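Letter by letter, the chains look like this.
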Amino acid sequence: MDTCDVLIVGGGPAGSACAWALRRAGVDVVVMDRATFPRDKVCAGWITPPVVDALRLDTDEYRRGRTFQPFTGFRVGLVGRDRTVETRYGATVSFGIRRCEFDEYLLRRSGARLTLGSPAASIVRDGGRWVVNDAIRAPMLVGAGGHFCPVARSINREERPDRAAALVVAQEAEFAIDPEDAAAFTTAPDVPELYFCRDMRGYGWSVRKGQYLNVGFGRLDCRSLPRAIAEFVAFLEASGKAGKVRGAPSRSWHGHAYLVSGSARRRAVDAGVLLVGDAAGLAYPQSGEGIRPAVQSGLFAARTIIEAAGRYTRERLRGYDTWLRDVFGTGAPVLRAMSQLVPATVWTPLARRLLANPAFVRHVVLDRGFLNP
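Structural notes, computed from the coordinates. None of the values given here were measured: they were computed from a predicted structure. (Residues numbered from 1 in each chain as written. Predicted model: local features only at pLDDT ≥ 70, side-chain atom pairs only at ≥ 80, totals over all residues. Heavy atoms only, no water.)

Side note on the sheet that holds strand S2 (residues 6-9)
Moving on, step 1. With mixed pairing, six strands are arranged side by side in an open sheet as S9-S3-S2-S13-S20-S19. With one partner strand each, in any of the chains shown, strand S9 (113-116) and strand S19 (269-270) form the two edges of the open sheet. (Pairing = 2+ DSSP bridges. Helix = DSSP H or I, 4+ residues; strand = E, 2+ residues; numbered from the N terminus.)

Here it is, written out as structure tokens:
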């Protein structure tokens, strides 16, 4: 049986960030993931400068053979409505990346030992240590496997579906742009497009990243997602706002589900175990974006583990839980707070009107929502 100091289940940005920080401190780390890398991941695919800084990303190195598209503005509107608000910042505020490239880069860069293509089918607590798949033994376990992470399930066995929980369901397709279609795009690659549902319970995106296009949709209502996607794609094609997304409905769409922070909260700390990223339900409720919370939580989990100095009691790890509450448990975002205070019959048309206001789009939807400084 193999042994290590810390076993991380999940090789996405949360797991990779945690592994990278631990390895820099000399900790022996194994990352286990059911997938082999590179692999696709449902995500519009952009990161903000704070993520670049937190990961100390060498952007010159990363650009070599990988997509790294600067974004300097956004176009925001409603599905089915031609009028949009375009916001320009005059500087780079985000970078478009492809998750198949980004996640593999972070995982390989972490320096951890990798066990890929191997799901964590068995997780057992044995004498103060964790034994996974009867193959790896470690005193410290980190759950970084997304919403359906087996580590999260193992310490939240009493978890029950909560109707009040904000569970986002999303689907996306990413594909190379046909050269014949490239000239049909009405916006430059540095301006992603975001289109909200008329009921304000989700939004679609069209994001150009170099020679690739990512089209997707996320909603709080899983039953209406297929219809919403079909309407969104038809809207993009009919309006010409994102060129011709020919054959998009028949392309390989990938699905995903996750909790946003501030909804029904999972227990993220136990003796010898921490949850990070989507496994802890940390995506931003304003936008559903999860990369920055994943990186933040992965790095702070590593710091907590290092400070525990091999004594991984619940009490020694409790600082991580306090940090989660301080960073992700405060207040409701403006849009959600207003929707809770104002009746739906008033809120929905009000929100539509606000989305036509350039100041509201810039300072609330983008600055406080999607860019989240």
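What follows picks up the thread again.
Considerations on the pairing of strand S11 (residues 129-132)
Moving on, step 1. Direction of pairing for strand S10 (residues 123-126) relative to S11: antiparallel, over a ladder of four bridges. Bridge pairing in S11 places Arg 125 opposite Trp 130.
Moving on, step 2. Count of turn residues in the S10/S11 antiparallel hairpin: two residues, of which Gly 127 carries a positive phi of about 60°.
Moving on, step 3. Counting the residues in the hairpin turn of S11 and strand S12 (residues 136-138) gives three residues, including Asn 133, whose phi is positive at 60°.

Details of helix H1 (residues 13-24)
Moving on, step 1. Taking 1.5 Å of rise per residue, the twelve residues of H1 would be expected to cover 16 Å, and the 16 Å separating its terminal C-alpha atoms lies within 8% of that figure.
Moving on, step 2. Among the twelve residues of H1, ten are classified as buried, and the element is accordingly described as predominantly covered.
Moving on, step 3. At its buried positions, H1 is contacted by S2, strand S3 (29-33), helix H2 (49-54), helix H4 (99-109), strand S13 (140-143) and helix H8 (291-308).
Moving on, step 4. Where H1 terminates, the next one or two residues include Gly 26, which has phi positive at roughly 85°. (Expected span 1.5 Å × (residues − 1). Buried < 20%, exposed > 50% of the residue type's maximum accessible area, 1.4 Å probe, protein only. Contact = heavy atoms within 4.5 Å.)

Some details on unusual backbone geometry
Moving on, step 1. With an omega of 5°, the peptide bond running from Phe 37 to Pro 38 counts as cis.
Moving on, step 2. Within the secondary structure, Pro 38 is located in the loop between S3 and strand S4 (46-47).
Moving on, step 3. The phi dihedral of Ala 309 falls on the positive side, at around 55°, and the residue is not glycine.
Moving on, step 4. Tracing the backbone shows Ala 309 in the loop between H8 and helix H9 (314-328).
Moving on, step 5. Judged by relative accessible area, Ala 309 falls into the exposed class, the value being 56%.

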